[in-house]
Amino acid sequence: MNIKEASEQTGVSAAAIRYYEKEGLIPTIDRTEVGNRDIDARIIRRIRFATQMRAAGMSIENLRHYIELFDAEEDNTKEQKALLRSQLAVMEEKRDDLQAAIDHLNYKLNHFYDHMETTEAELRELERQHQKQTAHKSGLTADEFDY
C-alpha cells in the first residue's frame, strides 16, 4: 500500500510516517519501481507500535533505543523491560501529579462556599491594600486613589 493508504489505516499522518522512518522508529520502507513507498503489514505494525509508545510518553530517543534493542540479534529482553519500567514510572508520576490536581479542584468545588469565597475575599483585600500602598508611594492622596 502507499503512504496515503497507510496513513488512513493507522490514523498517522504521512508526514509522521516519513518522520518515523527518518528517525529509525520504523524500518526503512521498501520502494516500488517508480520510487513510491510500498508499505506492508510489518511496517503498519511498527507504525502502530511507535504511535502507542509515543502516546505513552516515551521520548524519540528512548523509543529509538528500544527498537534498536528489539532489532538486535542478541537477547535484550532485560534492557527492553528496564526501558518499559522506566517509562511506566514516568507515566505513573505524571498520573499522580494529575490526580493531585484533580483532587485539589474537587476540593475547591466541594468547599466553594466555606473555602473559596473566604479565600477570594482575603485575596481581594490584600490586593486593595497593595494598591493603596502603591498609590501612597507614588504620592496620590486618598481622594485621588480610585479602587
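In what follows, the structure referred to is the one given above.
S.K.: Explain the overall build of the chain to me, please; I cannot follow it from the model alone.
M.R.: When helices and strands are tallied, the chain shows 6 helices and 0 strands. Element order for the chain, N to C, with α for helix and β for strand: α-α-α-α-α-α. A globule of 147 residues ought to have a C-alpha radius of gyration of about 15 Å, yet the chain, at 28 Å, is considerably larger. Oriented by its inertia axes, the alpha-carbon framework of the chain measures out at about 85 × 40 × 30 Å. The buried share among the 147 residues of the chain stands at 24%.

S.K.: Just checking my understanding: could you explain helix α6 (residues 112-137) for this structure?
M.R.: Residues that lie three or four places apart on an α-helix share one face, since the helix turns once every 3.6 residues. In this model α6 runs 36 Å from its N-terminal to its C-terminal C-alpha over 26 residues, within 8% of the 38 Å that 1.5 Å per residue would give. Of the residues trailing α6, Gly139 is marked for its positive phi of about 95°.

S.K.: What is the right way to read the packing of helix α4 (residues 60-71) against helix α5 (residues 77-110) from this model?
M.R.: Between two packed helices, both the angle of their axes relative to each other and the distance between the axes serve to describe the pair. Closest axis-to-axis distance for the α4/α5 pair is 9 Å, and the angle between their directions is 155°. The orientation of α4 with respect to α5, classified from their angle, is roughly antiparallel. The hand of the α4/α5 crossing is left-handed. Taking contact as the criterion, the partners of Asn62, His65, Tyr66, Leu69 and Phe70 in α4 are, on α5, Glu79, Gln80, Leu83 and Leu84. Split by residue class, the contact of α4 with α5 holds 5 nonpolar, 3 polar and 1 charged.

S.K.: Help me out: how do you make sense of the packing of aromatic side chains in this one?
M.R.: Aromatic ring pairs are described here by two measures, namely the spacing of the ring centres and the angle between the planes. Summed over the entire model, instances satisfying the criterion amount to 2 aromatic pairs. The interplanar angle of 85° and the centroid separation of 5.4 Å between the aromatic rings of Phe112 and Tyr113 together place this pair among those described as edge-to-face. Note on Phe112: relative accessible area 32%, which makes it partly exposed. Judged by its relative accessible area of 65%, Tyr113 falls in the exposed class.

S.K.: What is the right way to look at the packing of helix α3 (residues 41-55) against α4 in this model?
M.R.: At a closest axis distance of 10 Å, the pairing of α3 and α4 adopts a crossing angle of 140°. The orientation of α3 relative to α4 falls into the category oblique. Crossing hand, α3 versus α4: right-handed. For the pair α3 and α4, contact is made by Arg46, Phe49, Ala50, Met53 and Arg54 and by Ile60, Leu63, Tyr66, Ile67, Phe70 and Asp71, respectively. When its residues are assigned to classes, the contact of α3 with α4 shows 8 nonpolar, no polar and 3 charged.

S.K.: Sorry if this is basic, but what is going on with α5 here?
M.R.: Between its first and last C-alpha atoms α5 spans 48 Å; for 34 residues at 1.5 Å apiece the expected length is 50 Å, and the two agree. Considering only its buried residues, α5 is in contact with α4 and α6.

What counts and how
- The numbering scheme is per chain: residues are counted from 1 as the chain's sequence reads.
- Per-residue local features of the predicted model are confined to residues with pLDDT of at least 70, and side-chain atom pairs are confined, for both listing and counting, to 80 or more; whole-chain, interface and lining totals are unaffected and use all residues.
- Water and hydrogen atoms were dropped before computing side-chain values, which therefore reflect all heavy atoms in the structure.
- Per the convention used, a helix needs a DSSP run of H or I reaching at least four residues, while a strand needs a run of E reaching at least two, with both numbered from the N terminus.
- Using C-alpha atoms as the atom set, the radius of gyration is obtained and then compared with a globule rule of 2.2 Å times the number of residues to the power 0.38.
- Relative accessibility decides the category of a residue: with a 1.4 Å probe and only protein chains considered, values under 20% of the type maximum give buried, values over 50% give exposed, and everything between is partly exposed.
- Under the convention used throughout, the expected extent of a helix is 1.5 Å for every residue step, that is, one less than its residue count.
- In this description, a line fitted to the C-alpha atoms serves as the axis of each element, helices being fitted only across the stretch in contact, and the angle between N-to-C directions of two axes falls anywhere from 0 to 180 degrees.
- In this scheme, roughly parallel covers angles under 35 degrees and roughly antiparallel covers those over 145, while 65 to 115 is roughly perpendicular and the rest are oblique.
- Handedness of a helix crossing follows the sense of rotation of the near helix relative to the far helix, less than a right angle counterclockwise being left-handed and clockwise being right-handed.
- In what follows, residue pairs with any heavy atoms lying within 4.5 Å of each other are defined as contacts.
- Gly counts as polar in this scheme, as do all residues outside two lists: the nonpolar Ala, Val, Leu, Ile, Met, Phe, Trp, Tyr, Cys and Pro, and the charged Asp, Glu, Lys and Arg.
- What counts as a ring pair is set by centres within 6.5 Å for rings of Phe, Tyr and Trp (its six-membered ring), and what kind of pair is set by the plane angle: stacked under 30 degrees, edge-to-face over 60, tilted for all other angles.

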